[in-house]
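# Architecture at a glance
Chain by chain, the residues:
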Amino acid sequence: MARVAGAGRPPPPLRWAVVLGWLVGPTVLLAVVGGFLGRETRLAPFLVVVPALVAGRGTVRQTAVASAWTTVVIVAALFDAAADTVGEAVATVVFALVFNGLSLARVAQRVGDEGEIARLRSAAAALQRQLLRPFPLVTDHLLVHGLYQPVEEDSRVGGDVYEVVASPYGSRVFIADVQGKGLPAISAAFAVLSAFREAAVSEPTLTGVVDALEDAVLRHNSFAAQVGESERFVTALVLGVDSGQEVQAINCGHVAPLLLDGGRAAPVLPGEPCVPLGLDALTPAPRTVEWFGFPSDGTLLLCTDGVTEARDPSGAFYPLEQRAAGWSQVRASEVPAVLYRDLRRHAAGTPTDDTALLVLRRRADAGVGVA
């Protein structure tokens, strides 16, 4: 679910230096050409296109300055041209004023539309943050730090979700990523998140929790089909952690967790992942539980593909395993910020996909560093 950098983003606003260059450059050019041809009056009206160009990316103020500039230059050129009749001069000025007025109306509409889109983007991201609990998350067995950074673009908001729940059967950990982008993906994400919060405390087995998540995705897809939306699958990782030294895991097509221990970072699930949620009917093999060691002085790192599929300008993926191995002296609470700064440097700017990250420590060593 990686994306091309910059896709869907509006172009940055114009700088005043660029606007002044667009005004002065054509003015000087037309003056020189007009002086050479002796036809200043005929060339000056061509400046009316400049405010229209500024209106495409500039502000209302910048477009107003461009309109005033071109009007003054045209009037001055007509005043100096004795060959033109009064009627021709008035018609030229009226045309310039009308064209400049249309440019001002266009930029006002564009700025208003962009403001409304920005509010919708922020509202979608705020909704995600409200339904996802803030860090740290604490249970009897775990202290979980993390980071959630949505992409605030209307059609690019993703469906990354996470949760940690204390249950009678131990601590259940959940991280997932819905296929696709936009509000429909958020809807599917909240459906599976709600199902996990309920199943985590009611289902005695991890396979029972995952079966409940599968049913939730299928019900959501059934409703989506009725309203004409696309069906979606969900990659997810579900863990069961208790006081023992081993952790249960079911990986439904998700990014595998990393264990940070003693200056090393290594995947802990050697087997192939199961199919994503919503696709269980495509395979006869049932989802199975894997076990792995989680020592008291180790740290588990869980993330979505917004981390592992982030690309640098050359197209190389972010080397999470390699970078994580160098964080042996970083406290668990600081790992999310360290990782996100490194991710931004790798991507040469803001990552272009939602980023969700969980850093798990056992409660007995909650205040100890990563190693």
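### Details of the overall build of the chain
Scanning the chain from N- to C-terminus turns up ten helices and eleven strands. Across the 371 residues in the chain, those meeting the buried criterion constitute 45%. Here the analysis covers contacts within the chain between residues at least 6 apart in sequence; of these, 72% occur between residues at least 24 apart. As displayed, the chain offers around 17,600 Å² of accessible surface, 60% of which is attributable to carbon and sulfur atoms.

### Let's talk about the packing of aromatic side chains
Summed over the entire model, instances satisfying the criterion amount to three aromatic pairs. Aromatic pair Phe 174 and Phe 196: ring centres 4.7 Å apart, planes at 15°, arrangement stacked. A residue pair is termed long-range when its members are at least 10 positions apart, and Phe 174 in strand β4 (residues 170–178) and Phe 196 in helix α6 (residues 183–202) qualify at 22 residues. The residues Phe 174 and Phe 196 share a single accessibility class, namely buried. What links up through ring pairs into an aromatic cluster is the set Phe 135, Tyr 148 and Tyr 162.

### Quick look at the sheet that holds β4
Sheet architecture is open: five strands sit in the order β3-β4-β5-β6-β9, paired in antiparallel fashion. Since the sheet does not close on itself, it has two edges, and those belong to β3 (159–167) and β9 (290–293), each with one partner. Pairs of neighbouring strands in the sheet enclose a mean axial angle of 20°, with direction left out of account. Of the pairings in the sheet, the one linking strand β6 (residues 246–252) to β9 comprises four bridges and is antiparallel in character. Paired with Val 247 across the two strands is Phe 292, which belongs to β9. Set on the sheet, α6 makes contact with β3, β4 and β5 (234–241); between it and β3 the angle comes to about 10°. Strand contacts of helix α7 (residues 206–226): β4, β5 and β6, with the helix running at about 155° to β5, the strand carrying the most contacts.

Cut-offs applied
- Residues numbered from 1 in each chain as written.
- Predicted model: local features only at pLDDT ≥ 70, side-chain atom pairs only at ≥ 80, totals over all residues.
- Heavy atoms only, no water.
- Helix = DSSP H or I, 4+ residues; strand = E, 2+ residues; numbered from the N terminus.
- Buried < 20%, exposed > 50% of the residue type's maximum accessible area, 1.4 Å probe, protein only.
- Contact = heavy atoms within 4.5 Å.
- Areas by Shrake-Rupley, 256 points an atom, 1.4 Å probe, with all protein chains shown as cover.
- Phe/Tyr/Trp six-rings, centres within 6.5 Å; stacked < 30°, edge-to-face > 60°.
- Pairing = 2+ DSSP bridges.
- Axes fitted to C-alpha atoms, helices over the stretch in contact; angles between N-to-C directions.

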